[in-house]
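Residue-level listing of the chains:
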Amino acid sequence: MPKKDPSIKLDRRKFLAAAAVAGATGAVKPAMAATAAAPQAQLRLPSALPPNAHVAAAETGTPQMPSSNEGRPGSDFMVDVIKTLDIKYLPANPASSFRGIHESLIDYGKNTMPEFLTCMHEESAVGMCHGYFKATGKPLMTLVHGVVGLQHSTMAVYNAWCDRVPVLIMGGNDLDAAHRAPGVPTFHSAQDINAIVRDYTKWDDTPVSPQHFAQSFVRMYKIATTPPYGPVMMALDGGLQTEPIREDGDKLYIPKFFPAAPPQGDSGAVKEAARLLANAEQPVIVVDRVARTPEGVTRLIALAELLQAPVVDQGNRMNFPNTHYLARPASVIRDADVIIGMELSDYWNTVNGFIDNGDEGIGRNVTKIKPGTKLISISSVDLITKSNYQDFQRFQSIDVSMPGDAEATLPSLIEAIKAALPNDRKDAIAKRGQSIRDAHVKGLAATKQAAAVAWDASPISTARLVTELYAQIRDLDWSLVSTAGNTSNWANRLWPIEKHHQWLGASGGYGVGYGAPASVGAALGNRDLGRFSVSIQSDGDLMYAPGVLWTAVRHKIPLLAVMHNNRGYHQEVMHLQRLASFRDRVVNIGKDLGPIGTSIMNPDIEYHKLAESMGWWAKGPIVDPGDLGPAIREAVAVVKTGQPALVNVQTQPR
Ligand SMILES: Cc1ncc(C[n+]2csc(CCOP(=O)(O)OP(=O)(O)O)c2C)c(N)n1
Ligand SMILES: [Mg+2]
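The rules behind these values
Starting afresh in each chain, residues are numbered from 1 along the sequence in its written order. Written order determines the labels here, with chains lettered from A and ligands numbered from 1. Residue-level local features of this predicted model are given only where pLDDT is at least 70; pairs of side-chain atoms are given and counted only at 80 or more, and the full residue set underlies all totals for whole chains, interfaces and linings. Remark: hydrogens and water are excluded; side-chain values derive from all non-hydrogen atoms of the structure. Any residue with at least one heavy atom within 4 Å of a molecule or strand is counted as near it. Identification of polar contacts relies on pairs of N or O atoms within 3.5 Å, with a donor-acceptor requirement for protein atoms, meaning one able to donate a hydrogen and the other able to accept it, and with residues adjacent in sequence counted only if both atoms are side-chain atoms. Here a helix means four or more residues in a row that DSSP labels H or I, a strand means two or more in a row labelled E, and each is numbered from the N terminus. The criterion is simple. A nonpolar core is a set of buried Ala, Val, Leu, Ile, Met, Phe, Trp, Tyr and Cys residues joined through side-chain atoms within 4.5 Å. Categorising residues by exposure relies on relative accessible area from a 1.4 Å probe, with only protein chains included: less than 20% of the type maximum marks a residue as buried, more than 50% marks it as exposed, and the intermediate range marks it as partly exposed. An automatic or database domain assignment supplies the start and end points of every domain. Residue contacts are defined here by distance: any two heavy atoms, one from each residue, within 4.5 Å place the two residues in contact. Two aromatic rings from Phe, Tyr or Trp, using only the six-membered ring of Trp, form a pair when their centres are within 6.5 Å; if the ring planes differ by under 30 degrees the pair is stacked, by over 60 it is edge-to-face, and anything between is tilted. Cation placement over rings: the criterion is NZ of Lys or CZ of Arg within 6 Å of the ring centroid and within 35° of the ring normal. The term salt bridge refers to a side-chain nitrogen of Lys or Arg lying within 4 Å of a carboxyl oxygen of Asp or Glu. Angles shown run from 0 to 180 degrees and are taken between the N-to-C directions of axes, each axis being a line fitted to C-alpha atoms and, for helices, limited to the stretch in contact. Reported orientations rely on four angle classes, namely roughly parallel under 35 degrees, roughly antiparallel over 145, roughly perpendicular from 65 to 115, and oblique for the rest. Should the near helix be turned counterclockwise from the far one by less than a right angle, the crossing is left-handed, whereas a clockwise turn marks it as right-handed. Note on residue classes: Ala, Val, Leu, Ile, Met, Phe, Trp, Tyr, Cys and Pro are nonpolar, Asp, Glu, Lys and Arg are charged, and everything else, Gly too, is polar. Two strands are said to pair when DSSP picks up at least two bridges between them. To estimate how far a helix should extend, the number of its residues minus one is multiplied by 1.5 Å. Think of it this way: the bend at a residue is just the angle between two axes, each fitted to seven residues, one set ending at that residue and the other starting at it.

Around ligand 1, the structure places 18 residues, and the nearest of them are Ser538, Asp539, Gly540, Asn566 and Gly568. At 2.9 Å, a backbone N or O of Tyr510 approaches a nitrogen atom of ligand 1. The side chain of His564 places a nitrogen or oxygen atom 3.3 Å from an oxygen atom of ligand 1. Listing elements by their share of the shell around ligand 1, those giving two or more residues are helix H19 (539-544) and helix H21 (570-582).

This paragraph deals with the nonpolar core. Generally speaking, nonpolar side chains in soluble globular proteins are found buried as a group. By size, the foremost hydrophobic cluster in this structure holds 73 residues, and its most contacted members are Ile285, Met342, Trp495 and Leu560. Of the domains in this structure, domain 3 (267-434) and domain 4 (453-567 + 604-649) are the two that each give at least three residues to this core. The contact partners of Met342, leaving out residues within four places of it in the chain, are Ile285, Val286, Val287, Asp288, Arg289, Val290, Leu300, Leu303, Ile378, Ala406 and Leu410. Leu150, Val157, Ala561 and Ala618 belong to the second-largest nonpolar core, a separate cluster that totals 52 residues.

Here the focus is the packing of aromatic side chains. Tallied over the entire structure, the rule returns 10 aromatic pairs. Relative to Tyr229, the ring of Phe133 lies with its centre 5.3 Å away and its plane at 75°, an arrangement referred to as edge-to-face. Highlighted residues: Phe133 in helix H6 (residues 122-136) and Tyr229 in the loop between helix H9 (210-224) and strand E6 (232-237), separated in sequence by 96 residues. The exposure class of Phe133 is buried, given its relative accessible area of 8%. Exposure remark for Tyr229: the relative accessible area of 13% places this residue in the buried category. In this structure an aromatic cluster arises from ring pairing among Tyr158, Tyr200 and Tyr389. Here the basic side chain of Arg493 rests over the ring of Trp490, its NZ or CZ set 3.9 Å away from the ring centre.

Throughout the structure, instances matching the rule amount to 22 salt bridges. Measuring nitrogen to oxygen at the nearest pair gives 2.8 Å for the salt bridge that ties Arg198 to Asp204. For Arg198, a relative accessible area of 30% gives the class partly exposed. A salt bridge links Arg292 to Asp405; the nearest nitrogen and oxygen atoms lie 2.7 Å apart. Here the residue Arg292 occupies a position in the loop between strand E7 (283-287) and helix H12 (294-307), and Asp405 occupies one in the loop between strand E13 (400-403) and helix H14 (406-420), the gap between them amounting to 113 residues. The partly exposed category is assigned to Arg292, whose relative accessible area is 21%. In the salt-bridge network here, residues are joined through shared partners; they are Lys134, Asp163, Arg289 and Arg317.

Bringing the environment of Lys222 into the picture now. Position of Lys222 relative to the elements: it lies in helix H9. Given the relative accessible area of 36%, Lys222 is considered partly exposed. The spatial distance from the C-alpha of Lys222 to the C-alpha of Phe257 is 7.3 Å, given a sequence separation of 35 residues.

The next thing to look at is the packing of helix H11 (residues 267-279) against H14. Packing of H11 against H14 brings their axes to within 8 Å, and their N-to-C directions diverge by 50°. By the angle between their axes, H11 is oblique relative to H14. The interaxial crossing formed by H11 with H14 has right-handed handedness. Here Val270, Ala273, Ala274, Arg275, Leu277 and Ala278 of H11 come into contact with H14, specifically with Thr409, Ser412, Leu413, Ala416, Ile417 and Ala420. In terms of residue class, the contact of H11 with H14 is made up of 9 nonpolar, 2 polar and 1 charged.

The next thing to look at is the sheet that holds strand E5 (residues 203-205). Strand order in the open sheet formed by 4 strands is E3-E4-E6-E5, and the pairing between neighbours is parallel. Whereas interior strands pair on both sides, the edge strands pair on one side only; in this sheet they are strand E3 (141-145) and E5. In this sheet, neighbouring strand axes are inclined to one another by 20° on average, regardless of whether the strands run parallel or antiparallel. Pairing analysis gives 6 bridges linking strand E4 (residues 168-173) to E6, with the strands arranged parallel. Each residue of the ladder has a partner; that of Gly172, found in E6, is Leu236.

Read from one edge of the open sheet, 5 strands run E14-E15-E16-E18-E17, paired in parallel fashion. Lying at the two open borders of the sheet, with one neighbouring strand each, are strand E14 (478-483) and strand E17 (617-622). Averaged over all pairs of adjacent strands, the angle between strand axes in this sheet comes to 15°, irrespective of strand direction. Sheet strands in contact with helix H18 (residues 515-529) are E14 and strand E15 (532-538), and its direction is about 175° off that of E15. Packing against the sheet, helix H23 (residues 625-640) makes contact with E15, strand E16 (560-564), E17 and strand E18 (645-649), and its axis sits at approximately 170° to E17.

Turning our attention to the environment of Leu576. Mapped onto the fold, Leu576 is located in helix H21. When its relative accessible area of 37% is taken as the criterion, Leu576 is described as partly exposed. Separated by 12 residues in the primary sequence, Leu576 and Asn588 have C-alpha atoms spaced 9.4 Å apart. The residues touching Leu576, leaving out its near neighbours within four places in the chain, are Val587, Pro595, Ile596 and Thr598.

Right, let's get into helix H7 (residues 148-162). When the terminal C-alpha atoms of H7 are compared, their 22 Å separation across 15 residues agrees well with the 21 Å that a helix rising 1.5 Å per residue should span. Helix geometry: H7 is bent most strongly at Thr154, by close to 45°. Counting buried residues in H7 gives 11 out of 15 residues, a clear majority hidden from the surface. Every buried residue of H7 is accounted for by Gly149, Leu150, Ser153, Thr154, Ala156, Val157, Tyr158, Asn159, Ala160, Trp161 and Cys162. Where H7 is buried, its residues contact H6, E3, E4 and E6.

This is the structure:
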């Protein structure tokens, strides 16, 4: 290609700047018209001079156009790279720092694979990616505005990190200080935007050439989707997106992606763990995020049945059917002589109890297990610990510790246990199973009895809320995508949860505001898989970023959201009440039901109207428990037509 005359470029830029000024302010037009109409001598000076290009850019924040539009834009090649990976959607809030790739995605890429979904907050976009992955096992990508958009997204990124969920985040950034536009685009640029999320992402990069982008995009996809999964970050320079590609004789290529095999526990340690488990009198299996896939559930059932050992499911995924006779509550660990913990986010807190406030007001801990109990761990979390954020929890000494992925290690562990099981113990093991079966049946009866307490209360009891809800969805291929707020875990205790997609787990980092966006993201995934999505939506959680309700309607995402509207931040109510009692004081409730700063009432928020205003079918407030079943039935019928529906239910605190 012949080299361009730089003076021509300059003229073109000047022309564009003038055009931008005319378009943005209208201030130049009259002066220009005057120039055209009147001879030089009669030119009257305006009372205020029109802004020059520099001032106009600073005032309007209109970023510069690229130096040339000849040749292939870098961002078109980026789209080619992105399309080699199986990324179906791109939930994002728009921003100029990624306008290059945005334009390429929707025009050159025809807005498919990925399809842009309009979000109203970057936290909602990442939360949607988070929920979508848990429903489908496929990662999504998002684009955020460098600095401010990324700052908005951070809590959701932290939740994904703690929950071990891959999210591909790309942030626009204008790195070149000599060329970026002054004013807003410069406020929104940083030397290293990735630093904002570096402590809670698995990897990040800032590519400086199209080829670098291709390598790094495939690399970030691979890192994010290799267990332990996690969010990854890429800063996308504005110039790299918008400038035409100069190939300099080298042909660009796109590396092929092959998934990596997950890491397994060391074979010697697996044998040692098997020996301990096979010879244990009372082995207990504790699981948290074991089942990355439905296969994980099958493998866990095989392990539990082989050992006839109780399984305590800490519930950050659906790991084990709660209808299985070996499903037991956490209290069973007190009798254990061997405990195997798999993908536990908090091993210390599994075997120790922490009493808030305690005798001295600073917390007290008690052991929950017998002295001498052997502890085994398989966890991939050991492979990605970082220093700053304390999600690794208190240190727990472990007898046999295997950094590795539990689901992937289960087949070799099962084989090793089969080989280690002494023949003369087989009867004792079968007997152990029978006594656990009896305890399971008794436990279920006790749970049902507890659920009946205050059945007719108004506001409505949380047990009744989830029971009425289940009655309306039981015959569908339902998926409980989120339970925001605290409904005393009733859904997981009362609903038969047997399939992997029937319970997607919680936020990971306990950052409130996850429930609404994650449930919309999960519902999107479930929509394409033909499942019926249901969420229990708390009031506090919804109000962090309710704009995601609009996204659900705009993109035709069916979801049944039944509200646990206890008109407050009840978790915080309890913290303050408890601490005030400890200090021999009565907590100040002002004119509300909860301590000052914890109520969401006076006025009560009309969530049904909020949802309606964004196009949802909605009903409420439901105060009489007798009205609940019929209202949910109506909502189910609406969701079956492909729309979201919300039922606003006033509930007991938890
Ligand atoms: C981003 C964020 N802000 C504040 C908190 C502290 N917090 C923990 S639970 C909670 C209450 C949430 O209210 P809601 O979702 O209505 O649930 P409820 O406790 O009422 O069931 C709050 C504010 C948090 N965990 N995350
Ligand atoms: Mg609440």
